[in-house]
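Below are the chains, spelled out letter by letter.
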Amino acid sequence: MVDLHPIHVAISPSVRPTPRIVPLATVRSWARRVGNPNASRQDIAGITVPGITVDVRGIRFEQRRNLVGNMEFRYERGVLAVQTYSLIFISNRLSECERRIWTAHEFDHVRDYERLNERLLARVQVNPFLRSVFVERQWLPRNSFDVIQTSIREACYRIYREFTAEASRRRDTSAEYQRIRNRVRANCGRSRRGALRPRRST
């Protein structure tokens with residue numbers, strides 16, 4: 001029987017974030033960090049920033065000296081621990097009514113990201129670099145230990161960024177923005193600011 005999950009990974013469920021009501025400058029700063037093209041706009045309503053931490057402390061490696069006397073290491077046992085999370089930033093320029101509506105949209109993003117864990121687990125299992133470390137258990141030079149640990153984290157980061165960017169594109173459509181603006185007008189009166197929630201990018 002083929003082991004569908006040969007890499008031992010534990011993905012912890014995300015903790016539901018508490019939205020942070022912050023100055024517009026802070027929203028724009030986070031938008032710049034993630035490369036959002038709307039970061040310079042004065043009418044940004046908010047932004048959701050997905051994140052991931054990869055803990056390699058639960059992984060154990062074995063060592064040996066090869067035929068020419070150099071030290072090598074490879075994966076022996078243990079679990080790669082992954083935690084996903086989201087941060088929500090809402091502009092304090094919004095009225096309380098507008099804030100509720102835009103925050104609901106941001107939580108739609110959070111729910112989209114929470115559904116990604118199974119896909120993340122499946123993609124980790126087929127990643128060529130991660131398989132070389134955890135399944136094929138290749139012997140590696142001991143002096144590359146720190147680089148390999150960093151590369152393990154970065155491989156997981158890249159996979160998650162790809163998934164969250166795709167999920168964000170599906171959510172942040174012109175139709176979705178229009179739906180939110182209609183709700184704002186219907187429930188809060190015509191917004192003087194005409195707040196725009198920028199597309200989130202990782």
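This one's a predicted model, so the numbers in the text were calculated from it and none came from an experiment. (Residues numbered from 1 in each chain as written. Predicted model: local features only at pLDDT ≥ 70, side-chain atom pairs only at ≥ 80, totals over all residues. Heavy atoms only, no water.)

S.K.: Honestly, the overall build of the chain in this entry has me stumped. Any pointers?
M.R.: Each helix and strand in the chain was counted, giving 6 helices and 7 strands. Secondary structure elements in the chain, listed N-terminal to C-terminal, are β-β-α-β-β-β-β-α-α-α-β-α-α. In the chain, buried positions account for 45% of the 202 residues. Pairs at least 24 residues apart make up 78% of the contacts formed inside the chain by residues separated by at least 6 positions. (Helix = DSSP H or I, 4+ residues; strand = E, 2+ residues; numbered from the N terminus. Buried < 20%, exposed > 50% of the residue type's maximum accessible area, 1.4 Å probe, protein only. Contact = heavy atoms within 4.5 Å.)

S.K.: Help me understand the state of the cysteines in this model?
M.R.: Disulfides are covalent bonds that connect the sulfur atoms of two cysteines. Applying the stated criterion across every chain yields a total of 1 disulfide. The partner cysteine of cysteine 97 in its disulfide is cysteine 188, sulfur to sulfur 2.0 Å. Across the disulfide from cysteine 97 to cysteine 188, rotation about the S-S bond amounts to roughly -75°, and the bridge is consequently left-handed. Residue cysteine 97 is located in helix α2 (residues 96–114), and its partner cysteine 188 is located in helix α6 (residues 174–188); the two are separated by 91 residues in the primary sequence. (Disulfide = S-S within 2.5 Å.)

S.K.: Whenever I open this one, the sheet that holds strand β5 (residues 71–78) confuses me. Can you help?
M.R.: In a beta sheet, neighbouring strands are held together by backbone hydrogen bonds and run either parallel or antiparallel to one another. Strand order across the open sheet formed by 3 strands is β4-β5-β7, with antiparallel pairing between neighbours. The sheet is open, and its two edges are formed by β4 (59–65) and β7 (140–141), each paired on a single side. Of the pairings in the sheet, the one linking β4 to β5 comprises 7 bridges and is antiparallel in character. Following the sheet pairing, arginine 65 is matched in β5 by methionine 71. (Pairing = 2+ DSSP bridges.)

S.K.: Help me out: how do you make sense of the packing of aromatic side chains in this one?
M.R.: Where two aromatic rings form a pair, the distance of their centres and the angle of their planes describe that pair. With the rule as written, the count across this model stands at 5 aromatic pairs. Ring centres of tryptophan 30 and phenylalanine 89 lie 4.8 Å apart, and the angle between their planes is 20°; this geometry places the pair in the stacked category. Highlighted residues: tryptophan 30 in helix α1 (residues 24–33) and phenylalanine 89 in strand β6 (residues 80–91), separated in sequence by 59 residues. Taken individually, tryptophan 30 and phenylalanine 89 each receive the classification buried, so the pair is uniform in this respect. With 5.0 Å between their ring centres and 70° between their planes, tyrosine 75 and phenylalanine 134 make a pair best called edge-to-face. Of the two residues, tyrosine 75 sits in strand β5 while phenylalanine 134 sits in helix α4 (residues 128–134), which places them 59 residues apart along the sequence. In this pair, the class of tyrosine 75 matches that of phenylalanine 134, namely buried. In textbook terms, an aromatic cluster arises when at least three aromatic residues are bridged by ring pairs, as seen for Phe61, Phe73 and Phe145. Across the ring face of tryptophan 30, the terminal group of arginine 33 is positioned such that the distance to the ring centre comes to 4.1 Å. The side chain of arginine 142 reaches across the aromatic face of phenylalanine 145, ending 4.8 Å from its centre. (Phe/Tyr/Trp six-rings, centres within 6.5 Å; stacked < 30°, edge-to-face > 60°. Lys NZ or Arg CZ within 6 Å of the ring centre and 35° of its normal.)

S.K.: Got a minute to help me understand the pattern of salt bridges in this structure?
M.R.: By the definition in use, this model includes 15 salt bridges. Two residues, arginine 57 and aspartate 55, come together in a salt bridge whose shortest N-O distance is 2.8 Å. The class for aspartate 55 is partly exposed, based on a relative accessible area of 25%. Each of Asp108, Arg111, Asp112, Arg115 and Arg171 takes part in a single network of salt bridges with overlapping partners. (Salt bridge = Lys/Arg side-chain N within 4 Å of Asp/Glu carboxyl O.)

S.K.: So what exactly am I meant to see when it comes to helix α3 (residues 117–126) here?
M.R.: Here α3 has its buried residues at Asn117, Leu120, Leu121, Val124 and Gln125. One side of α3 carries all its buried residues, which in axial view fall inside an arc of 135°. Within α3, the exposed residues directed more than 90 degrees away from the buried face are Glu118 and Val126. Where α3 is buried, its residues contact β1 (9–12), β3 (46–55), β6, α2, α4 and α5 (145–171). (Arc of directions from axis to C-beta.)

S.K.: Just to check I follow, could you spell out the side chain of serine 91 for this structure?
M.R.: Along the polypeptide, serine 91 turns up in strand β6. Of the residues examined, serine 91 reaches a relative accessible area of 1% and is grouped as buried. In contact with serine 91, not counting residues within four places along its chain, are Val22, Leu24, Val27, Ile44, Ala45 and Arg99.

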